[in-house]
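An overview of the molecular structure
Residue-level listing of the chains:
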Amino acid sequence: MEFVVLLLIFGFITHRLDRRLKAQEAEIAKLRGRLDKALAGALPLSAAEAAPAEEAVPEVETLPPPEVAEPVFASEAEEPAPPPPAAPAPARSGWRELEESLASRWLIWLGGGTMALAAAFFIKLSVDHGWLGPGVRVALGLLAGFALMVGGEWLRRRPMQRAVAALQPDYVPPALTAAGLFTAFISVYGGFALFGLFAPLVAFALLAALSLIGIGLSLLQGPLIAALGLLAGYVSPLLVSTGDPDAWGLFAYLLALNGAGMAVVLYRGWRWLGWGALTGAALWPLLWLIDPWRSGDALPTGIYLLLTSALFLVPAVLGVLDQTPPEPAPATGWRRALPDWIRRKQRHPADRLAMMAMRLFGLLVAAVTWIDDHGSVSLIALGLFALLAMIAGRRTERIAGVAWIAALTVLLSLAPWSLPYVPASPPPLNADGQPLIVVDPAGYPAAVAHFLWVAGGFAALFGIGGFIALWDARRAALWASLSALVPLALLTLAYAVVAPPETAIGWPAAALALAALLVGATTPLARHRHRPGASLGLAAFAAGATGAIALGATMVLQEAWLTVALAMQVPVLAWLERQLNLRELRGVTLLVAVAVLVRLAVNPYVLDYEGYGWIAYGYGLPALGFLAAARWMRSAPDARGKDRGGDDLVVMVLEAGALIFTTLMLSLGIHRWMSGSLEEAPSTLAEVSLHTLSWLGLALLLAADRRWSARPVAVWGRRLLVLLAAFNVVFLHLTALNPLWNFEWVGTWPVVNRLLLAYGAPAVLGLVYLWYDPPPSRALRSAAPVLPLLLIATNLALEIRRAFQGPVLAGYGVSDAEWYSYSAGFLLFAVAMLVAGIRFGWGWMRHAGLVLVLAVVAKVFLSDMSDLEGMYRVASFLGLGLCLVGTGWLYQRLLRPTITPGVPPAATPPATPGE
């Protein structure tokens, strides 16, 4: 079974390498064509192909092509001017390519694998039949393996084989060498695991030696041998176990193996091999942390992680000559508000390898710190890892992001630090009995003090180191952000982990001191703001200072005042952006604004705040601050210096935030006033009506104020508010909370009661809003007034019901007087609609009045005729008749055609037959 697994691994590696070899074959053919064109005295490539094969071979033997080592992970050299394009080669059939692939590549690799399996089967057969002793079998396997490896190298050196390799990739020598390497490897492992011929250390040394031999032969025979050598090296510790795992020996061996693999990567330029080495180098420490970890392993593991991290940084730090960072792509749309260092850039392959290695080893360093319970050794390793990242990032600024990786590693390492609880002791009192304010009334245990010293040391490392590194740096903004934000993050983490008592004022003092230091750091940087990245660096320091002030406010203030303190940073940043002309501050303003929006708009804990007044200042002050910031930013010059060119995504977010805060202030204030608690759901028609009126009133203000009515936020904001109000009206006013079946008290006064609040007032505000801001399409303009008119009709009907039933409208009894009053009331309402529609030229209202008149006519003839008796029936028909006649008279008087004096009226066209 083990042989089958090894065969599958061998086949998978072969398949992956074959794809890369095809790409290398195409690149070699391209370079060979360029060389033929560059040789002025040589024959054309087509003539060389037409020459007999017998003449081509001796020429290659006498003048073998020189091998030029390609620099690894280096910038591409400048190529000469391209020669004129050659005639395209004739297309080759797919069958011909398949035939060549099978004959020259796959059959060869299959043959090599077959020979390796033959050796394995021979050993198994000898074991089954007892032909040879264990020592002889293992010796024969080793001899066969070394013979195949020697044969592969001897064949590679043959002139004929070198001639073939000069024309196309030659897979025969590597196949023989791979078969020999595999045979020798399984022979040693079989001698150890099956026969016990080798001691564990001897077997491990032999397997390691075979691995290094394979890596060394790969320099001559290609990448497959290197992959097999690395795979054998990383698998050997797993196959050979001594029963007493030793971290020093394992990680020393892995460090040597990693160095050999990276040396091959540097020499031959097989970048993909670096990713394989990274996989093995990172996987073994993870396995060690899971199972064999013992106390005291932090030192060898930390040394291994540090040295291996440095090893994978070497190609990026030393292998690339051009250290000019790529320019970010021009930002468009909302991306203009983001800092340049956030956008993705095209990275060199060596840089990608270095960044991924630092991410993986950073996680492993953090894991070692956790398992070691934040011991001194693991903390020193963490500090050296951070220092290594900062030095490498400053040395090669294309990978300066590794410094931020180290900063995140430090935060991740310190976050789970378990500390004892710090109780809040009573403050001391003076002679008058007043409490004294002290820096730290409780005092801290030794473990907490140790944590604070460690956090302060890392804050100083990143703060001072980042500030020193930003000078004369191409990516000054990154180092400035590191210097400003990492100490702030560490202070926040320390405050969260320690959880000090509220009376300890040393924490807000530390936050204010950090803000003062960051503001002071902007002074020398402002003198060099003409340098690339200096403006963004100033923005980073400003962001850190405002964040430190906000953190200090968090430590002192609570609930709504904390949100107010956070929100007031927004106008401050907007004012600084306008005064200093730092558009980079817009990204910081956007982040702060989003944080305030999340805290005020989607934070469920605001429902637990006590009192009424906080709703006014907790939402009103942030709304005013957002409006002021939006105004300052909108009138600021743009990147080209044009005035009032700052209207962008940040301004829209600020305007939207101000609208959201205003809406929430009104809605929460109404709910707290009507329900008594923010945690209760709205349940009365009066409260729902006040919400609807507030939304419609705010939408009407946005439509009527000409300074804001054309702004996109105002346009879409008032439309959303109107939709919310319409939803309330349809699903709550008219259905769920309708007083006809809700048993809600509506008031004893006629007209001025809750019915007017719930139906009449929203209808009037809706009609006024439609007059100020009519819908854009004709169909919507015709349909929109239906809902306000329905509210007015509902108000009229319910008011009639209240007049006969009292303040509670629920019930089933209807008297003749009430039933007649519906006809009379709606008939008068229809006539009023007709008069208003004719007087002001509102066709939609005139048509609605006619429809309502027809509805009253239908009621009179279908219901009143049979249900009413006596004078009510007479009054119903008499009133209807008078109204119909009056309506006709109005139409004749007000809608007659206009007659100009001196001009005869237009002749009436003769009636056609049949009319």
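If you're wondering where the values come from, they're calculated on a predicted model, not measured in any experiment.

Cut-offs used in this document
The residue numbering used here restarts from 1 in each chain and proceeds along that chain's sequence as written. Local features in this predicted model are restricted to residues of pLDDT 70 or higher, and side-chain atom pairs are both shown and tallied only at a pLDDT of 80 or more, whereas totals for entire chains, interfaces and linings draw on every residue. Side-chain measures were taken over the full set of non-hydrogen atoms in the model, leaving aside hydrogen atoms and water. Secondary structure is summarised from DSSP: a helix means a run of H or I of at least four residues, a strand means a run of E of at least two, and numbering begins at the N terminus for each. Given the number of residues in a helix, its expected span is that number minus one, multiplied by 1.5 Å. When accessible area is computed with a 1.4 Å probe and restricted to protein chains, residues below 20% of their type maximum are described as buried, those above 50% as exposed, and intermediate ones as partly exposed. Here, nonpolar core means buried Ala, Val, Leu, Ile, Met, Phe, Trp, Tyr and Cys residues that are tied together by side-chain atoms lying within 4.5 Å of each other. The contact rule is simple, with two residues in contact once any of their heavy atoms fall within 4.5 Å. Two aromatic rings from Phe, Tyr or Trp, using only the six-membered ring of Trp, form a pair when their centres are within 6.5 Å; if the ring planes differ by under 30 degrees the pair is stacked, by over 60 it is edge-to-face, and anything between is tilted. Whether a charge sits over a ring depends on NZ of Lys or CZ of Arg being within 6 Å of the ring centre and within 35 degrees of the ring normal. Inter-axis angles, ranging from 0 to 180 degrees, are taken between N-to-C directions of lines fitted to C-alpha atoms, where helices are fitted over the stretch in contact. Roughly parallel means an angle under 35 degrees; roughly antiparallel means over 145; roughly perpendicular covers 65 to 115; every other angle is labelled oblique. Handedness of a crossing follows from how the near helix is turned relative to the far one, being left-handed for an anticlockwise turn of less than a right angle and right-handed for a clockwise one. Just so you know the grouping, Ala, Val, Leu, Ile, Met, Phe, Trp, Tyr, Cys and Pro go in nonpolar, Asp, Glu, Lys and Arg go in charged, and all remaining residues, Gly too, go in polar. Whenever Lys or Arg places a side-chain nitrogen within 4 Å of a carboxyl oxygen from Asp or Glu, that contact is recorded as a salt bridge. For the purposes of these results, a polar contact is taken to be a pair of N or O atoms within 3.5 Å, where, inside protein, one atom must be able to donate a hydrogen and its partner to accept one; residues adjacent in sequence count only when each atom of the pair is a side-chain atom. The patch calculation keeps residues exceeding 30% relative accessible area without a salt bridge and links them within 9 Å when they carry like charges or within 5 Å when they are nonpolar (Val, Leu, Ile, Met, Phe, Trp, Tyr). Here the Shrake-Rupley method, with its probe set to 1.4 Å, supplies the accessible areas, and only the displayed protein chains count as covering residues. Confidence of the predictor at the level of single residues is captured by pLDDT, which takes values from 0 to 100.

If you check helix α21 (residues 569–580), its first and last C-alpha atoms are 16 Å apart, about what 12 residues at 1.5 Å a residue would give, namely 16 Å. Q569, V570, P571, L573, A574 and E577 are the residues of α21 that are buried.

Bringing the environment of I186 into the picture now. Structurally, I186 is set in helix α7 (residues 172–193). C-alpha separation for the pair I186 and L142, spaced 44 residues apart in sequence, amounts to 8.9 Å.

Take unusual backbone geometry next. The phi dihedral of D373 falls on the positive side, at around 60°, and the residue is not glycine. Relative to the helices and strands, D373 is located in the loop between α13 (349–371) and α14 (376–395).

To continue, consider helix α30 (residues 786–805). The α-helix winds at 3.6 residues per turn, so residues separated by three or four positions along the chain end up facing the same way. Under the 1.5 Å per step criterion, the end-to-end length of α30 is 28 Å for 20 residues, consistent within 8% with the ideal 28 Å. Immediately downstream of α30, the backbone of G806 shows phi near 100°, a positive value.

The next point concerns the nonpolar core. Formed by 142 residues in total, the largest nonpolar core has its most connected members in F361, L414, W479 and F626. Sorting elements by how many residues they give to this core places helix α17 (residues 476–498) first, with 14 residues. With residues near it in sequence (within four places) discarded, L414 still touches H374, L379, F451, V454, A455, F458, L490 and L493. One finds M149, V188, L210 and L228 within the second-largest nonpolar core, a separate group that totals 19 residues.

The next point concerns the packing of aromatic side chains. Here the structure, examined in full by the defined rule, presents 13 aromatic pairs. Judged by centre distance (5.6 Å) and plane angle (70°), the ring pair of Y495 and W507 falls under edge-to-face. Note that Y495 is positioned in helix α17 and W507 in helix α18 (residues 506–526), a separation of 12 residues in sequence. Under the relative-accessibility criterion, W507 is labelled buried at 7%. Among the aromatic residues, those joined into a ring-pair cluster are W614, Y619, F626 and F661. Looking at R719, its charged tip hangs above the ring of W716, at a distance of 5.0 Å from the centre.

For the pair α21 and helix α23 (residues 613–634), interaxial distance at closest approach is 8 Å and the crossing angle is 15°. In terms of orientation, α21 and α23 fall into the roughly parallel class. Regarding α21 and α23, the two cross each other, and that crossing is left-handed. Residue-level inspection shows V570, P571, A574, W575, E577 and R578 of α21 in contact with α23, the latter providing G625, F626, A629, W632 and M633. When the residues that make up the contact of α21 with α23 are grouped by side-chain class, the tally is eight nonpolar, one polar and two charged.

Here we take up the pattern of salt bridges. Enumeration over the complete set of coordinates arrives at nine salt bridges. Linking R711 and E655 is a salt bridge whose minimum nitrogen-to-oxygen distance equals 3.0 Å. Taken as a pair, R711 in the loop between α25 (685–704) and α26 (712–736) and E655 in helix α24 (residues 649–675) lie far apart in primary sequence, 56 residues in all. When sorted by exposure, R711 lands in the same class as E655, which is buried. Of the charged contacts in the structure, one is a salt bridge between E799 and R802, with a shortest N-O distance of 3.1 Å. Of the two residues, E799 and R802 are both situated in helix α30; the distance of three residues between them amounts to about one turn of the helix. According to the relative accessible area criterion, E799 is buried, its value standing at 14%. Look at the salt bridges and you will find they share partners, linking E577, R586 and D648 into a network.

What follows concerns the packing of α18 against helix α19 (residues 534–556). For the pair α18 and α19, the least separation of the axes is 8 Å and the interaxial angle reads 165°. One finds that α18 runs roughly antiparallel with respect to α19. For the element pair α18 and α19, the recorded crossing hand is left-handed. Where α18 approaches α19, its residues W507, P508, A511, L514, A515, L518, V519, A521, T522, L525 and A526 are matched on the opposing element by A534, G537, L538, F541, G544, A545, A548, I549, L551, G552, M555 and V556. Of the residues assigned to the contact of α18 with α19, the class counts are 19 nonpolar, four polar and no charged.

Mapped onto the fold, T663 is located in helix α24. If we ignore the near neighbours within four places in the chain, the residues touching T663 are W695, L698 and L721.

We now examine the side chain of D351. As for its placement among the helices and strands, D351 is situated in helix α13. Engagement of the side chain of D351 in a polar contact is seen with the side chain of R398, the distance being 2.8 Å. If sequence neighbours within four positions are ignored, D351 has contacts with A316, R398 and I399.

Another point: a nonpolar patch on the surface. A cluster of nonpolar side chains, W248, L299, I303, L307 and V377, forms an exposed patch at the surface whose accessible area comes to about 430 Å². Among the elements that take part in the nonpolar patch, helix α12 (residues 298–318) stands out by supplying three residues, more than any other.

What follows is about the confidence of the model for the chain. A residue-level look at the chain finds 69% of positions with pLDDT of 70 or above and a mean pLDDT of 75. Here residues 40–109 is modelled with pLDDT under 50, and outside its nearest four sequence neighbours on either side it reaches 55 contacts, counting other chains as well. Confidence over residues 320–326 falls short of pLDDT 50; this stretch has 19 contacts with residues more than four positions distant or in other chains.

Inspection of the secondary structure assignment puts P445 in the loop between α15 (401–414) and α16 (446–469). On the basis of relative accessibility, which here comes to 32%, the residue P445 falls in the partly exposed class. Sequence separation between P445 and P420 is 25 residues, and the spatial gap between their C-alpha atoms is 7.7 Å.

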